[in-house]
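# Overview (structure and organization)
Below are the chains, spelled out letter by letter.
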Amino acid sequence: MAVACCSALATHCPGLAISLPGSAAYNLTEASYWSLQESNLQPSCIITPSVPHEAASAVQVLVSNPACEHVEFAIKGRTHAPAGGFANNNGGVTIDMTGMSTVTVNDDHSLASVGAGASWLDVYAYLDPLGKSVAGGRNGAVGVGGLTLGGGISYFSPQVGFTCDTLVNMELVLASGELVNANSTSHPNLFRALKGGTNNFGLVTRFDFTTVPISKILAGGLVNDISHRSAVFSAFAGIAGAKHYDVHASIVVGLLFNSTSNTWVLSSTPIYTLPELRPKVYEPLFAVPNISDTLEIAALHVFANESATPPLNWQFWTGTYGVSANLLDKMFDAINTTLYSFDIPEGILWDIAFEPLPTVFTAPGALKNSLGTSPSDGNSVVMLLSALWPDSASNGKVHKRAAEVVSAVNEVAKEMGLEKEFVYANYADWSQQPFESYGEESVRFLKKTARKYDEHGVIQRKVPGGFKLSG
Ligand SMILES: Cc1cc2nc3c(=O)[nH]c(=O)nc-3n(C[C@H](O)[C@H](O)[C@H](O)COP(=O)(O)OP(=O)(O)OC[C@H]3O[C@@H](n4cnc5c(N)ncnc54)[C@H](O)[C@@H]3O)c2cc1C
Ligand SMILES: *[C@@H]1O[C@H](CO)[C@@H](O)[C@H](O)[C@H]1NC(C)=O
Ligand SMILES: *[C@@H]1O[C@H](CO)[C@@H](O)[C@H](O)[C@H]1NC(C)=O
Ligand SMILES: *[C@@H]1O[C@H](CO)[C@@H](O)[C@H](O)[C@H]1NC(C)=O
Ligand SMILES: *[C@@H]1O[C@H](CO)[C@@H](O)[C@H](O)[C@H]1NC(C)=O
Ligand SMILES: *[C@@H]1O[C@H](CO)[C@@H](O)[C@H](O)[C@H]1NC(C)=O
Ligand SMILES: *[C@@H]1O[C@H](CO)[C@@H](O)[C@H](O)[C@H]1NC(C)=O
């Protein structure tokens, strides 16, 4: 089936790069997936369009050529969504967008146009020397495509909102194969829907972002002994819950558990988007005795250039909560109770991280994106639970235990009246339901827009990877 579809692509899209199983190019793309759950899937061919019209004709073939009738396809960016099948497909076709990774700026550097397959490092390396940046991902290896379409949490978000809120335009291939611009005057509903709608509306080929000014920033990490957790939680809650949030502060506090050594440690990244080594906002955190401190003033494209992790199984899970040091204390106890004696062959590392989602962050995009978040939610905290482990035979066991951690944490929050709706798609497990969490108005809007731009539900059916509006 899919082999004939791959031949049809070769016939109807002259010049399109197509790699087949066994080839060096195919192996290289497969090896580039961040998680083993993704790299273990084997598409019948991988296509790598290099210009928008090539991407459009490939979609036309995939959607309407009889040889492709029962063939599914996946859209691949920089592969940082860990769940299997989100950006790869077993037996179908994978569209690798990394052939379109060019970054350009307009004359006054106020707008950056970014090929949808670029990594954030591509963007930062290009813009840093100009004193500009885009409010994008923190780790440079992450893709512009997936992160932006799911929202996007950036160091600059307290200043400008989610990454998607800084878009002025997107160029995309619709289910019909038509190449269109979505912006505030051209297909404005599609423009809004795409900001949080993930891959449900088409294949995005270019993002045009408003830039932000940047010089160097406070970057690096701080590690504290687990016995100091209450002091760290209290410092974190002071920052995240502040009535006047310091918009330059962007902090992640992570609880790390190593199942082999049976030890917890606290690992924070207190970033400040100005070149200040000891910003006042971090005084209470810095007063806590630390085990290691790698904080420094750095250029974003240097700090974001993190070394790659080895091939591992990964899971992400998420939840959103009210801000309270007491809640975090209780959550820690619930997490420790659930995880402490869990182990698998070759061990597992858990990282339960908390990040502020203050009202200054949700204000710019309220009702302009489809995420459903707004300042009326109050200052909040987003949790990202990650698990990483080598033993693929344990995947089911880990999934079950991670689900137990998340429900234990949610239970604690519920008891304190601090549970919030928002399930951030970019941090969610495949079994979670981010769209439902956006609220009724947004879900209705997303579904209506999907019906308008893809009346036959082609994307819902043929692009099974990721969160689906119909599912
Ligand atoms: C190490 C690490 C650091 C992270 N840091 C951050 C962070 O700082 N802030 C944050 O908000 N999130 C962060 N994330 C989460 C990240 O936003 C998601 O994993 C996101 O999905 C990654 O996008 P990608 O393009 O790299 O991934 P992919 O796995 O390639 O794609 C993810 C999804 O987006 C779809 N997609 C990708 N490109 C397109 C396109 N052009 N058109 C249509 N659909 C497309 C894919 O089909 C897939 O379903 C991080 C994740 C990791 C693993
Ligand atoms: C690609 O990987 C396959 C399977 O591991 C291997 O058989 C093949 O030789 C590789 N191809 C190249 C060109 O390295
Ligand atoms: C919006 O799309 C229209 C139609 O393609 C285009 O002419 C216009 O330049 C776009 N606006 C922006 C801000 O990109
Ligand atoms: C976990 O602990 C074991 C045993 O102390 C150690 O060998 C391993 O490096 C640790 N793993 C990580 C990721 O820190
Ligand atoms: C971490 O601890 C060291 C040693 O006490 C101290 O010099 C340093 O200032 C601390 N780091 C921060 C960010 O306060
Ligand atoms: C990222 O770091 C590697 C070495 O660790 C270097 O070779 C590469 O040029 C760096 N990339 C950028 C964009 O600075
Ligand atoms: C985690 O739970 C274990 C087992 O109940 C307990 O021994 C340990 O002290 C707890 N860890 C912390 C830091 O509270």
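Everything numeric in this text was worked out from a predicted model, so none of it was measured.

Take the state of the cysteines next. Going through the model one piece at a time under the given rule, you end up with 2 disulfides. For Cys-5, the disulfide goes to Cys-68, at an S-S distance of 2.1 Å. Looking down the S-S bond of the Cys-5 and Cys-68 bridge, the torsion is 95°, so its handedness is right-handed. Separated by 63 residues along the polypeptide, Cys-5 in helix α1 (residues 2-12) and Cys-68 in the loop between α4 (52-64) and β3 (73-76) bring together distant segments of the chain. A sulfur-sulfur distance of 2.0 Å marks the disulfide that ties Cys-6 to Cys-45. One disulfide, between Cys-6 and Cys-45, carries an S-S torsion of -90° and so falls in the left-handed class. With Cys-6 in helix α1 and Cys-45 in strand β2 (residues 45-48), this residue pair connects regions lying 39 residues apart in the sequence.

On to the packing of aromatic side chains, then. This structure, assessed with the given rule, holds 20 aromatic pairs. Ring geometry for Phe-257 and Tyr-340: centres 5.8 Å apart, planes at 40°, overall tilted. Taken together, the residues span a long stretch of sequence, with Phe-257 in strand β14 (residues 249-258) and Tyr-340 in the loop between α12 (325-339) and β19 (349-357) at a distance of 83 residues. Looking at Phe-257, the relative accessible area reads 0%, which means it is buried. What makes Tyr-340 partly exposed here is its relative accessible area of 42%. Ring geometry for Tyr-282 versus Phe-286: centroids 5.7 Å apart, planes at 35°, classification tilted. Residue classification places Tyr-282 among the buried positions, given a relative accessible area of 0%. Judged by relative accessible area, Phe-286 falls into the buried class, the value being 15%. These aromatic residues form a ring-pair network of at least three members: Trp-34, Phe-162, Trp-314, Phe-316, Phe-361, Phe-422, Tyr-424, Tyr-427, Phe-435 and Tyr-438. The lysine or arginine in question, Arg-192, covers the ring of Phe-445, its NZ or CZ lying 4.2 Å from the ring centre. When the ring centre of Phe-191 is taken as reference, the NZ or CZ atom of Lys-195 above it lies at 4.1 Å.

The subject of this paragraph is the site of ligand 2. The immediate surroundings of ligand 2 are formed by Gly-22, Ala-24 and Asn-27. Between Asn-27 and ligand 2, the recorded distance is 2.4 Å, taken from a side-chain N or O atom to an oxygen atom. Contact with the protein chains removes 29% of the 360 Å² of surface that ligand 2 exposes when unbound.

Our next topic: the domain arrangement of the chain. Domain boundaries in the chain define domain 1 (2-99), domain 2 (103-214 + 439-456) and domain 3 (217-433). Between the C-alpha centres of domain 2 and domain 3 there is a distance of 24 Å. Counting residues at the interface gives 36 residues for domain 2 and 33 residues for domain 3. The junction of domain 2 with domain 3 conceals about 2800 Å² of combined surface from both sides, 61% of it contributed by carbon and sulfur atoms. Our count for the contact surface shared by domain 2 and domain 3 stands at 1 salt bridge. Close ionic contact of Arg-138 with Glu-355 constitutes a salt bridge, the shortest N to O distance being 3.2 Å. The tally of links from domain 2 across to domain 3 stands at 16 residue pairs in polar contact (both at pLDDT 80 or more). Broken down by secondary-structure element, the contributors of at least two residues to the side of domain 2 that touches domain 3 are α5 (120-127), α6 (144-149), α7 (157-160), α8 (188-194) and α16 (440-453). A per-class count over the side of domain 2 that touches domain 3 returns 15 nonpolar, 15 polar and 6 charged.

Cut-offs applied
- Residues numbered from 1 in each chain as written.
- Chains lettered and ligands numbered in written order.
- Predicted model: local features only at pLDDT ≥ 70, side-chain atom pairs only at ≥ 80, totals over all residues.
- Heavy atoms only, no water.
- Disulfide = S-S within 2.5 Å.
- Helix = DSSP H or I, 4+ residues; strand = E, 2+ residues; numbered from the N terminus.
- Phe/Tyr/Trp six-rings, centres within 6.5 Å; stacked < 30°, edge-to-face > 60°.
- Buried < 20%, exposed > 50% of the residue type's maximum accessible area, 1.4 Å probe, protein only.
- Lys NZ or Arg CZ within 6 Å of the ring centre and 35° of its normal.
- Near = heavy atom within 4 Å.
- Polar contact = N/O pair within 3.5 Å; in protein donor to acceptor, adjacent residues only side chain to side chain.
- Areas by Shrake-Rupley, 256 points an atom, 1.4 Å probe, with all protein chains shown as cover.
- Domains from an automatic or database assignment.
- Contact = heavy atoms within 4.5 Å.
- Buried area = accessible area lost by both parts, 1.4 Å probe.
- Salt bridge = Lys/Arg side-chain N within 4 Å of Asp/Glu carboxyl O.
- Nonpolar A, V, L, I, M, F, W, Y, C, P; charged D, E, K, R; others polar.

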